[in-house]
Amino acid sequence: MKKAFFTLSVLLIMAACQFPGRGPQMITIRGVVFGTYYSIIYYDEEARVLQEEIDSIFQDFNSSMSFYDPQSILSQVNRNDPVLVDEYFKAVFNRSKEISRETDGAFDATVFPLVNAWGFGVDQRASMTEEIVDSLMQFVGFEKIDLVDGRIVKYDERVQLDFNAIAKGYAADVIGHYLESIGVTAYMVEIGGDLIARGSKPDGSKWRIGLEIPAKDHDAQQEWHYFVEVYNQGLATSGDYRRYIKDDGKRYSHTIDPQTGYPVTHNLMSASVFAGDAMSADAYATAFMVMGLDKSIAFVEARDDLEAYFIFSDDSNGYGYYASSGLQLLSRDDL
Ligand code: AMP
Ligand code: MG
């Protein structure tokens with residue numbers, strides 16, 4: 001899967017302490033996957049270290065959805081090879097389509113030809129013109145593709161998929177389901193800043209995540225100030241706060257607005273989304289980067305199942321933030 005060069009580091013994962021003596025042991029597994037870092041923390045009575053099982057799940061994900069692996073199901077679909085898709089692909093495709101509909105196409109996994117042309121896919125950035133954008137836009141749109149009996153049906157064979165904006169979250173969910181299937185009830189699985197946390201630690205405390213309060217200006221040091229407890233929730237962050245490509249003095253986001261075909265340019269710098277699972281959080285976070293601050297606030301406030309934390313740039317070269325009304329922010333003094 002694509003390297004997450006441009007994801008931001010709004011989140012700080014609170015390191016838990018080893019639980020001394022008998023009882024569940026805290027196991028931590030860290031590594032690199034999908035071009036980013038992951039960490040998995042769980043409590044287990046039997047102190048099982050599940051590295052091999054986790055590696056095998058990651059391998060299955062790459063075989064299903066990596067656009068760097070020419071043999072992956074996704075690559076075959078994008079080349080129009082006849083292929084039966086697997087369960088991971090189905091789950092991600094179906095949820096992508098739902099969230100695309102809910103967000104009026106702000107999230108759209110058929111955006112790949114644009115992502116690629118703008119230099120965030122497998123190819124070097126083309127020198128983009130209005131004509132190129134318009135020609136690529138002809139085959140972007142979820143209505144141009146379906147999943148029927150385990151096979152992708154395209155109504156325009158130039159349609160290509162990109163699951164980078166949702167697959168990391170889903171991989172975290174799948175590892176969580178695996179841990180539950182073998183009796184682990186308290187865990188946090190985080191991949192490149194997108195995570196799922198379930199259950200409470202043996203001392204009864206919940207998983208805590210730090211949210212950055214944005215610095216006053218672009219070069220100022222990062223500050224960690226607010227914390228949130230994540231209980232049976234997914235959390236994902238999208239954005240280019242502090243990280244982006246600059247070319248000809250212009251700033252290019254890796255999020256593409258599927259309605260215009262251009263990288264987004266508004267003042268929303270990052271969107272952190274809390275949802276029932278990490279896959280949904282991941283997709284909504286990307287959608288919000290397309291929708292911008294005002295629309296995203298309205299969307300989140302109208303939904304009981306979503307909370308969000310937004311960082312935006314203001315007119316004075318500084319940053320501001322917005323926490324949705326259901327989000328319980330804790331300060332250091334509350335901990
Ligand atoms: P994320 O970091 O989860 O926001 O995912 C960003 C990645 O999703 C980009 O690098 C692209 O590969 C892809 N992408 C860009 N724009 C969109 C969009 N509007 N809908 C879905 N995927 C997108
Ligand atoms: Mg995403």
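Before any of the text, the structure's been laid out above.
Computed from a prediction, not measured in an experiment: that's the story for all the values here.

Asker: I keep staring at unusual backbone geometry and nothing clicks. Help me out?
Answerer: Outside of glycine, negative phi angles account for most residues, and trans bonds account for most peptide bonds. Positive phi values are uncommon outside glycine, yet phenylalanine 34 reaches one of about 50°. By secondary structure assignment, the location of phenylalanine 34 is in the loop between strand S2 (25-33) and strand S3 (36-44). Notably, aspartate 149 is not glycine yet its phi reads approximately 50°, a positive angle. Positionally, aspartate 149 belongs in the loop between strand S4 (145-148) and strand S5 (151-154).

Asker: Just checking my understanding: could you explain the coordination of the magnesium ion (ligand 2) for this structure?
Answerer: Six octahedral donors at a metal ideally form angles of 90 or 180 degrees, and four tetrahedral donors ideally form angles of 109.5 degrees. Protein coordination of the magnesium ion (ligand 2) is provided by Ala165 (O), Asp282 (O), Asp282 (OD) and Thr286 (OG1), with donor distances spanning 2.0 to 2.4 Å. When the donor residues of the magnesium ion (ligand 2) are listed from N- to C-terminus, their spacing reads A-x116-D-x3-T. On the criterion of sequence distance, the pair formed by alanine 165 in the loop between S5 and helix H6 (167-181) and aspartate 282 in helix H7 (residues 278-291) is long-range, its members being 117 residues apart. Since its relative accessible area comes to 3%, aspartate 282 is described here as buried.

Asker: Is there a simple way to explain the packing of aromatic side chains in this structure?
Answerer: Here the distance between the centres and the angle between the planes together describe a pair of aromatic rings. The tally for this structure, following the rule as stated, stands at 19 aromatic pairs. Ring plane angle 80° and centroid distance 5.5 Å describe the contact between phenylalanine 34 and phenylalanine 58, whose orientation is recorded as edge-to-face. Here phenylalanine 34, found in the loop between S2 and S3, pairs with phenylalanine 58, found in helix H1 (residues 51-65); they are 24 residues apart in sequence, far enough to count as distant. Accessibility expressed as a relative area gives 4% for phenylalanine 34, which makes it buried. Geometrically, the ring pair formed by phenylalanine 61 and tyrosine 170 is tilted, given 5.7 Å between the ring centres and 55° between the ring planes. In this pair, phenylalanine 61 sits in helix H1 while tyrosine 170 sits in helix H6, placing the two residues 109 residues apart along the sequence. Taken individually, phenylalanine 61 and tyrosine 170 each receive the classification buried, so the pair is uniform in this respect. Chaining the aromatic ring pairs together yields one cluster made of Phe34, Tyr38, Phe58, Phe61, Tyr88 and Tyr170. Positioned above the aromatic ring of tyrosine 231, the side-chain terminus of lysine 206 is 5.2 Å from the ring centre.

Asker: Would you mind showing me how to read the sheet that holds strand S14 (residues 307-313) here?
Answerer: Strands sit in the order S2-S3-S6-S7-S10-S13-S14-S15 across an open sheet of eight strands; the sheet is antiparallel. Only two strands of the sheet have a single neighbouring strand rather than two, namely S2 and strand S15 (319-323). The average undirected angle you get between the axes of adjacent strands in this sheet is 10°. Here strand S7 (residues 194-198) pairs with strand S10 (residues 233-239) via three bridges, running antiparallel. Residue pairing in the sheet places isoleucine 196 in a bridge with glycine 234 of S10. Packed on one face of the sheet, H1 meets S2, S3 and strand S6 (187-191) and runs near 140° to S3. Packed on one face of the sheet, H6 meets S3, S6 and S7 and runs near 155° to S6.

Rules used throughout
Residues numbered from 1 in each chain as written. Chains lettered and ligands numbered in written order. Predicted model: local features only at pLDDT ≥ 70, side-chain atom pairs only at ≥ 80, totals over all residues. Heavy atoms only, no water. Helix = DSSP H or I, 4+ residues; strand = E, 2+ residues; numbered from the N terminus. Donors = N, O, S within 2.8 Å, 3.2 Å for Na, K, Ca; no water. Buried < 20%, exposed > 50% of the residue type's maximum accessible area, 1.4 Å probe, protein only. Phe/Tyr/Trp six-rings, centres within 6.5 Å; stacked < 30°, edge-to-face > 60°. Lys NZ or Arg CZ within 6 Å of the ring centre and 35° of its normal. Pairing = 2+ DSSP bridges. Axes fitted to C-alpha atoms, helices over the stretch in contact; angles between N-to-C directions. Contact = heavy atoms within 4.5 Å.

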